[in-house]
Amino acid sequence: MKNAKKLLRYLPLYFMLMPGCIYLVINHYIPMGGIVLAFKKYNFKKGIFGSDNVGFHNFKFLFQTKDAITITRNTLLYNLVFIVVGTVIAVFVAILLDELTGKFLKKLYQTAILFPYIISIVIISYLAYAFLNTETGFLNMALLKPLGKAPVSWYSTPKYWPVILTVVYIWKSFGYHCILYYSALVGVDREYYEAASIDGAGRWKRIWYITLPNLKSTVIILTLLAVSKIFYSDFGLFYQVPLNQGALIDVTNTIDTYVYRGLMQLNNVGMSAAAGLYQSLVGFVLVLSANVIVKRYDPDSALF
Amino acid sequence: MKGKKWKKNFLMILSVVLVAVSLSTGCGDGAKQADGQDNTDITKEKELEGEEDRKEEEEPYTVKILAFGDADTDAANAVAEAISKKTMELFQVKVELVKGYTVEQLNLMLTSGEKLDLFPAMPWEVSLTNLVSNEQIVPINELLPEYAPTTWNAISERDWRCVTINGNIYGVPMNKEKASSSGIIFRKDLVEELGIDYESLKTLDQIEEALTLVKEKTDYYPLVSNAGTLKDFLPYDDLGDGFGVLENVFEDSTTVVDWYETDSYKELCQRMYDWNQKGLIMPDAASNTDSDMTVIGAGKGFSTFGRFKPGVLNQGGAEAGTELVLTELYPVYTKTTSVATPWCIAANSEQPQKAMQVLDLLYNDPEMANLFGNGIEGIHYVYTDDTRKMIDYPEGKDAAGIGYTVVSWSCPNQQITPVRVGDPLDLWDQLGQFNDEAYPSKALGFVWDNSKVLNEITACQNVKSKYANGLELGALDPDEALPKFIEELKAAGIDTIIEEKQAQLDAWLSKQ
């Protein structure tokens, strides 16, 4: 009786929930049926469920060569560096923003650092090209030449690319993360700071004992989300920015670009599905384990 | 307690709904497909029974064609309407024309199940074998004699063989150049200025001298790349995909070898590395995104390798906007992929027989072919004189301004269309002679079925994209990179591919 009443009372709320649920089901749950494609030789006439089963055959190409190690290594290491360096820089700049007092300047900086995030990666790849072109690029012409050093052929020298890609990625994305951290800081009660400065805490002490602890849960949640995507790479960054150069493949090939290159020619739906499933499964395991670790050290910040 | 139970029930209902939804969508597709097939059978029967009576009752079927060349929607619609007039008269069919073919668009249409009837399958963009193994196109051997008798008889048995897979014909080969010679193309003005006797250049050593002269005397890049690649010019038969080739068609060997392990390839890489060290190749050649003709036309480049056909200088010159000359290094030869550039009927086509009829019309009716390839008279082109054998752009307009880009080689049959100003009037005769004179590869007509080694091919493709352009454009030192390349190909399973290919080739040869 009591429960029925409760249900009736909350019914409008459940209805409000409906569109969201329907959206989730249509966009996220129904397509999961496509997972079966990873185990099929997809035939356009027979359809998804009618195609022949081939077991794990589609997964073979991923592990055919030592490429599997290279691409897994690249994907993981790049993302790891991106997470660590990206977080440090974003938190640092967020604190700087928070310490600013001029309102106009604050807005100006916010907009300026967010701007690269909304530029298309294709345009960024050409900005990078303007820096790295062997004949006319900024680095070769304006920096190396006056210093009397020989020009570097950037697009055929793999060893520089881990650094170049990290710089480009951070430049593009730190603004966005920075705004997230900054918005967490805006919510911190100013009275803490007042109380602290009355007690004689300097700027450093206030940052260390008030600002950083308040950022902790945001950092953990964003890092967890990033870890769950650690097996996905920013396709544009790894494909467009190095201009798809063969010579750089050892350091720029990630799972996404590998699959794209291999499947561009073959148009094979089964293999794409297999690679997608492999990525998702590993991502799933990673986010679960990361959550377990967080739960052990700080139960309040865990996702679930 | 109750709340929990309710939650449980809700979850169950949700999962039931989910399963029901996914099942019904699955069934929906099946039902639709079955319907479609039934329809075709019924209409086929209908037509066999009494075509005349039924014609008026039927809703006219629309044949959707995807074609090369950009066009304004209005222009494409106008052309489609003009073609439809004739097709409505003849077979109660309308035509819809989508121009601006890109391989991404084609793949999207084929995979998404979007309506599509006719499209050209270029071997350098999509592999006919893959289209067949994915069942994205339909076999047409049964349709041909009935719905396209003229085309069926017009094309030689040899050419049909090049588009035959597992005993079925899968497309109508375009009537364009079916062979190529190869060599190097130069800017005419520079050749004259520097007094290079280009016709006497017959070896790469002689060409190197000419390129060195250009390097010393001018600011031009002596050799340019084509969008980051070196155009093929060595006379090997790629046997479909380039993994496992016949090294030199003029040597008549039928042994399938790893192209990247051959001496020909090694010499090429060494030569290009040497040229790159000497500054004869444009800098950052592998990351150049412009076509060779664009770089040459922009006044930056002097030469590019390439494959040739009659009229190539006119075509390339128009693209580059400067006069060109060429010198041949290898005579005309032909291989399966030179011939196998077919027009195919998509599996999504609801009435393949109608598509076949339209294709037959485009292949045989000069008026329709001209309409399809060149657009509408007076708007998109004008005849130069009353013989109506040569056309030009309307006065005051050029290729860019007419709104209907002409890509006449992608017509089913360009040889029944008028030639364009600048080409000789007998261009099609020359082309025919060119095709006839071509030296045939021993494997001409052999079509490779890669379905058993798809994993290996995907893996090899990845290795190739890592090394091939860098080596062929001299950016990588072949002493270091080539052995690595070969080794990684082996790890990726190229030997399995070659073994399979050799077995198929031997079986095919024994039947000839």
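Note that the coordinates shown come from a computational prediction; the quantities given were computed from them, not determined experimentally.

As for the overall build of chain B
Point 1. The secondary structure content of chain B amounts to 19 helices and 15 strands.
Point 2. Within chain B, buried positions represent 52% of all 512 residues.
Point 3. Taking the contacts inside chain B whose residues are at least 6 apart along the sequence as the reference set, 77% of them involve residues at least 24 apart.
Point 4. For chain B, the accessible surface area stands at approximately 23100 Å², while carbon and sulfur atoms represent 49% of it.

Observations concerning the overall build of chain A
Point 1. From N to C terminus, chain A includes 13 helices and 2 strands.
Point 2. Compactness check: chain A gives a C-alpha radius of gyration of 25 Å against a globular reference of 19 Å for 304 residues, more than 25% above the reference.
Point 3. Its C-alpha atoms give chain A principal-axis dimensions of roughly 85 × 75 × 35 Å.
Point 4. Taken across its 304 residues, chain A has 40% of its residues classed as buried.

Observations regarding the sheet that holds strand E14 (residues 419-420) of chain B
Residue and element names in this part refer to chain B.
Point 1. Reading across the sheet, the 3 strands line up as E12-E13-E14 and stay open at both edges, with mixed pairing between neighbours. In this open sheet, the two edge strands, each paired with only one partner strand, are strand E12 (382-383) and E14.
Point 2. Judged from the 2 bridges that link them, strand E13 (residues 390-392) and E14 form a sheet pairing that is parallel. Within the sheet, the bridge partner assigned to Ile391 lies in E14 and is Arg420.

Comments concerning the interface of chain A and chain B
Point 1. The interface is formed by 43 residues belonging to chain A together with 37 residues belonging to chain B.
Point 2. Buried area between chain A and chain B, summed over both chains or domains, comes out near 3600 Å², and the portion from carbon and sulfur atoms is 52%.
Point 3. Linking chain A with chain B are 1 salt bridge.
Point 4. The salt bridge involving A:Asp250 is made with B:Lys466; its shortest N-O contact spans 2.9 Å.
Point 5. Applying the counting rule to chain A against chain B returns 4 residue pairs in polar contact (both at pLDDT 80 or more).
Point 6. For the side of chain A that touches chain B, the elements supplying multiple residues, two or more each, are helix H1 (2-29), helix H5 (121-132), helix H11 (249-252), helix H12 (255-266) and helix H13 (269-297) of chain A.
Point 7. Tallying contributions element by element places H12(A) first for the side of chain A that touches chain B, with 6 residues.
Point 8. Looking at the side of chain A that touches chain B residue by residue, the classes come out as 20 nonpolar, 15 polar and 8 charged.

Brief notes about the sheet that holds strand E10 (residues 324-334) of chain B
Whenever strands of a sheet pair, they do so through backbone hydrogen bonds, lying parallel or antiparallel.
All names here are of chain B.
Point 1. Read from one edge of the open sheet, 5 strands run E8-E9-E7-E10-E15, paired in mixed fashion. Unpaired on one side and paired on the other, strand E8 (221-223) and strand E15 (439-440) mark the two borders of the sheet.
Point 2. Note that strand E7 (residues 180-187) and strand E9 (residues 301-308) share 6 bridges and pair antiparallel. If you follow Ser181 over to E9, its bridge partner there is Phe308.

Regarding unusual backbone geometry
Residue and element names in this part refer to chain B.
Point 1. Despite not being glycine, Leu239 has its phi angle at roughly 50°, a positive value.
Point 2. Of note, Asp284 is a non-glycine position whose phi angle comes to about 50°, a positive value.
Point 3. Considering the arrangement of structural elements, one finds Asp284 in the loop between helix H10 (263-277) and helix H11 (292-297).

Some details on the packing of H10(B) against helix H18 (residues 478-492) of chain B
Residues and elements named next belong to chain B.
Point 1. In contact at an axis separation of 10 Å, H10 and H18 are set at 145° when each is read in the N-to-C sense. The interaxial crossing formed by H10 with H18 has right-handed handedness. Contacts between H10 and H18 involve Tyr265, Lys266, Cys269, Gln270 and Tyr273 from the first element and Pro478, Asp479, Leu482 and Phe485 from the second.
Point 2. Taken together, the residues of the contact of H10 with H18 break down into 6 nonpolar, 1 polar and 2 charged.

With respect to the pattern of salt bridges
Residue and element names in this part refer to chain B.
Point 1. Overall, the coordinates contain 25 salt bridges over all chains when judged by the stated rule.
Point 2. Glu177 is paired through a salt bridge with Lys309; the nearest N and O atoms lie 3.6 Å apart. Placement of Glu177 in the loop between strand E6 (172-173) and E7 and of Lys309 in the loop between E9 and helix H12 (312-320) is noted, with a sequence separation of 132 residues between them. The same class applies to Glu177 and to Lys309, which are both buried.

Cut-offs applied
- Residues numbered from 1 in each chain as written.
- Chains lettered and ligands numbered in written order.
- Predicted model: local features only at pLDDT ≥ 70, side-chain atom pairs only at ≥ 80, totals over all residues.
- Heavy atoms only, no water.
- Helix = DSSP H or I, 4+ residues; strand = E, 2+ residues; numbered from the N terminus.
- Buried < 20%, exposed > 50% of the residue type's maximum accessible area, 1.4 Å probe, protein only.
- Contact = heavy atoms within 4.5 Å.
- Areas by Shrake-Rupley, 256 points an atom, 1.4 Å probe, with all protein chains shown as cover.
- Rg over C-alpha atoms; globule rule 2.2 N^0.38 Å.
- Pairing = 2+ DSSP bridges.
- Buried area = accessible area lost by both parts, 1.4 Å probe.
- Salt bridge = Lys/Arg side-chain N within 4 Å of Asp/Glu carboxyl O.
- Polar contact = N/O pair within 3.5 Å; in protein donor to acceptor, adjacent residues only side chain to side chain.
- Nonpolar A, V, L, I, M, F, W, Y, C, P; charged D, E, K, R; others polar.
- Axes fitted to C-alpha atoms, helices over the stretch in contact; angles between N-to-C directions.
- Left-handed = near helix turned anticlockwise from the far one by under 90°.

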